Amino acid sequence: MAYNSKAKLKTLYLRRILEEETDAEHGLSMRQIIERLGELGIEAERKSIYRDIEILREFGVDVRAYQRNPVEYAINRRDFSLEELMLLIDAVESCKALTKRQANALTTNLKLMASDHQRALLDRRIHVADRIRSKNESVFGYIDEIHRAMHLKRKIEFKYYHRGTDGERHASHGGLPYVVTPVALSYDDGFYYLTAWNDEAASLYEFRLDRMGGLKTSEDGATRNPEIANHEYDCGEHAYFGRFNGEPMTVTLRVDGDKVEIIFDRFGETVELFPQPDGTAKATVKVRTSEQFFGWVAGMGGAIRIEAPTRLRDEYRTYLLKMAEVGA
């Protein structure tokens, strides 16, 4: 009975064998295919396998015959190419929002989409500098719950935590849960953020999901007001520094010639660059101004300087004087 049951599924077993063991560079001969099926308790002959291959092709599986010695059969096109799988695995490995367990599980599932030969190539390790893994297993469940609350037009409630000087997590807001109206979710620099309306402060706030605890949908209906209705995410037009939501501003930076690459690395291809006779360049960029932006400029040791607008340059000078007093 078991033999007959498997024999009826021969075409599916053939597909699985080809998916696991073949790719464009590695195929199986007809003799090898018959042997693999025999190991599964399925007796097959060449004519029936030819028919199965045609059925798979009609179904959309890209089974190719390669004129080697002997002829080999292989699945050539997959949902993702080897290069795309490598890119996806690297992205998972470097995502700060994932815990180690979640990253390992996703990586394992991605590898199942490759052949055995390709999996060996995917078993590589790329060092990701300063990679910090989230400790919060609930982040992706929170994303689903937040979308659910938004669909139901309700508020959410959760506790929010910050690290204290003892290195431990402590609940902010006097230990009381926040009850807020979810407005938008975003992903930036490896972390998920919630933009929400806080009735207590009558303002939009940002919360990092991995710092939340006990998030659930509230019975309270969502707040409605013009600020929420007109909220639009910046979509990256103005660069954030440390996710601090400062004033959006177009800034002109004076850049030493050997530091131009840093500007493009930080702000992307939207930079407008104007070479200067002294070997420097003026770079026009859009930023969210904040002390974190000033800190980034200061960290360049004078190789990048704020040139305009004058008001921002004066604020930067005040910032440097304050830092000098702190360090004195």
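A few words on the sheet that holds strand 2 (residues 63-66). With antiparallel pairing, three strands are arranged side by side in an open sheet as 1-3-2. Edge positions in the sheet fall to strand 1 (28-29) and strand 2, since each of these pairs with one other strand and no more. Bridge count for strand 2 against strand 3 (residues 72-75) is four bridges, and the pairing is antiparallel. Looking across to strand 3, one finds that Val-63 is bridged to Ile-75. Contacts from helix 4 (residues 46-59) reach strand 2 and strand 3 within the one sheet, and its direction differs from that of strand 2 by about 130 degrees.

Counting 21 residues, the largest nonpolar core has Val-251, Leu-253, Ile-263, Phe-293 and Ile-306 as its most contacted members. Going through the elements one at a time, strand 10 (248-255), helix 10 (260-267), strand 12 (281-288), helix 11 (291-298), strand 13 (304-308) and helix 12 (310-327) are the ones with two or more residues in this core. Ignoring sequence-local partners within four residues, the contact set of Leu-253 consists of Ile-263, Phe-267, Ala-281, Lys-282, Ala-283, Val-285, Phe-293, Trp-296, Ile-304, Arg-305, Ile-306 and Glu-307. Formed by 17 residues, the second largest nonpolar core is a distinct cluster that contains Tyr-13, Ala-44, Val-63 and Ile-75.

All right, on to the packing of aromatic side chains then. On inspection of all chains with the given rule, the structure shows 13 aromatic pairs. Where Tyr-160 meets Tyr-178, the ring centres are 6.3 Å apart and the plane angle is 90 degrees; that geometry is what we call edge-to-face. Note that Tyr-160 is positioned in strand 4 (residues 154-163) and Tyr-178 in strand 6 (residues 178-188), a separation of 18 residues in sequence. Seen in terms of ring centroids, Tyr-316 and Tyr-319 are 6.4 Å apart; in terms of plane orientation they differ by 15 degrees. Their pairing is stacked. One end of the pair is Tyr-316 and the other is Tyr-319, both in helix 12 and three residues apart, which spans about a single turn.

The next thing to look at is helix 4. Compared with an ideal rise of 1.5 Å per residue, which puts 14 residues at 20 Å, helix 4 spans 20 Å between its outermost C-alpha atoms and is within 8% of the ideal. Restricting attention to buried positions, one finds in helix 4 the residues Ser-48, Ile-49, Asp-52, Ile-53 and Leu-56. An end-on view of helix 4 places all buried positions within 145 degrees of arc, on one side of the element. Facing away from the buried surface of helix 4 by more than 90 degrees, the exposed residues are Lys-47, Arg-51 and Glu-58. Summarising the contacts, the buried residues of helix 4 are in contact with helix 2 (10-21), helix 3 (30-39), strand 2 and strand 3. Phi for Gly-60, located one or two positions after helix 4, is positive at around 110 degrees.

A few words now on the packing of helix 2 against helix 3. In the contact formed by helix 2 and helix 3, the axes pass within 11 Å of each other and the chain directions differ by 115 degrees. Helix-helix and strand crossings are classified by hand; for helix 2 and helix 3 the assignment is right-handed. The segment helix 2 lies against helix 3, with Lys-10, Tyr-13, Leu-14, Ile-17, Leu-18 and Glu-21 engaging Ile-33, Arg-36 and Leu-37. For the contact of helix 2 with helix 3, the residue count by class is six nonpolar, no polar and three charged.

Averaged over all residues, the pLDDT of the protein is 84; the fraction at 70 or higher stands at 88%. The secondary-structure element of the protein with the lowest mean pLDDT is helix 1 (residues 2-8), recorded at 58, while strand 9 (residues 212-221) shows the highest, at 95.

With antiparallel pairing, the four strands of this open sheet are ordered in space as 11-12-10-13. Lying at the two open borders of the sheet, with one neighbouring strand each, are strand 11 (272-275) and strand 13. Mean inter-strand twist for the sheet, computed between neighbouring axes without regard to direction, equals 35 degrees. On top of the sheet, helix 10 reaches strand 10, strand 11, strand 12 and strand 13; it is set at about 25 degrees to strand 12, its chief contact. Strand contacts of helix 11: strand 10, strand 12 and strand 13, with the helix running at about 125 degrees to strand 13, the strand carrying the most contacts.

Attention now moves to the environment of Ser-203. Turning to its location among the elements, Ser-203 is positioned in strand 8 (residues 203-208). The class of Ser-203 is partly exposed, set by a relative accessible area of 29%. Placed 25 residues apart in sequence, Ser-203 and Ile-228 show a C-alpha to C-alpha distance of 9.4 Å.

Conventions used here
- Residues numbered from 1 in each chain as written.
- Predicted model: local features only at pLDDT ≥ 70, side-chain atom pairs only at ≥ 80, totals over all residues.
- Heavy atoms only, no water.
- Pairing = 2+ DSSP bridges.
- Helix = DSSP H or I, 4+ residues; strand = E, 2+ residues; numbered from the N terminus.
- Contact = heavy atoms within 4.5 Å.
- Axes fitted to C-alpha atoms, helices over the stretch in contact; angles between N-to-C directions.
- Core = buried A, V, L, I, M, F, W, Y, C linked by side-chain atoms within 4.5 Å.
- Buried < 20%, exposed > 50% of the residue type's maximum accessible area, 1.4 Å probe, protein only.
- Phe/Tyr/Trp six-rings, centres within 6.5 Å; stacked < 30°, edge-to-face > 60°.
- Expected span 1.5 Å × (residues − 1).
- Arc of directions from axis to C-beta.
- Left-handed = near helix turned anticlockwise from the far one by under 90°.
- Nonpolar A, V, L, I, M, F, W, Y, C, P; charged D, E, K, R; others polar.
- pLDDT = per-residue confidence, 0-100.

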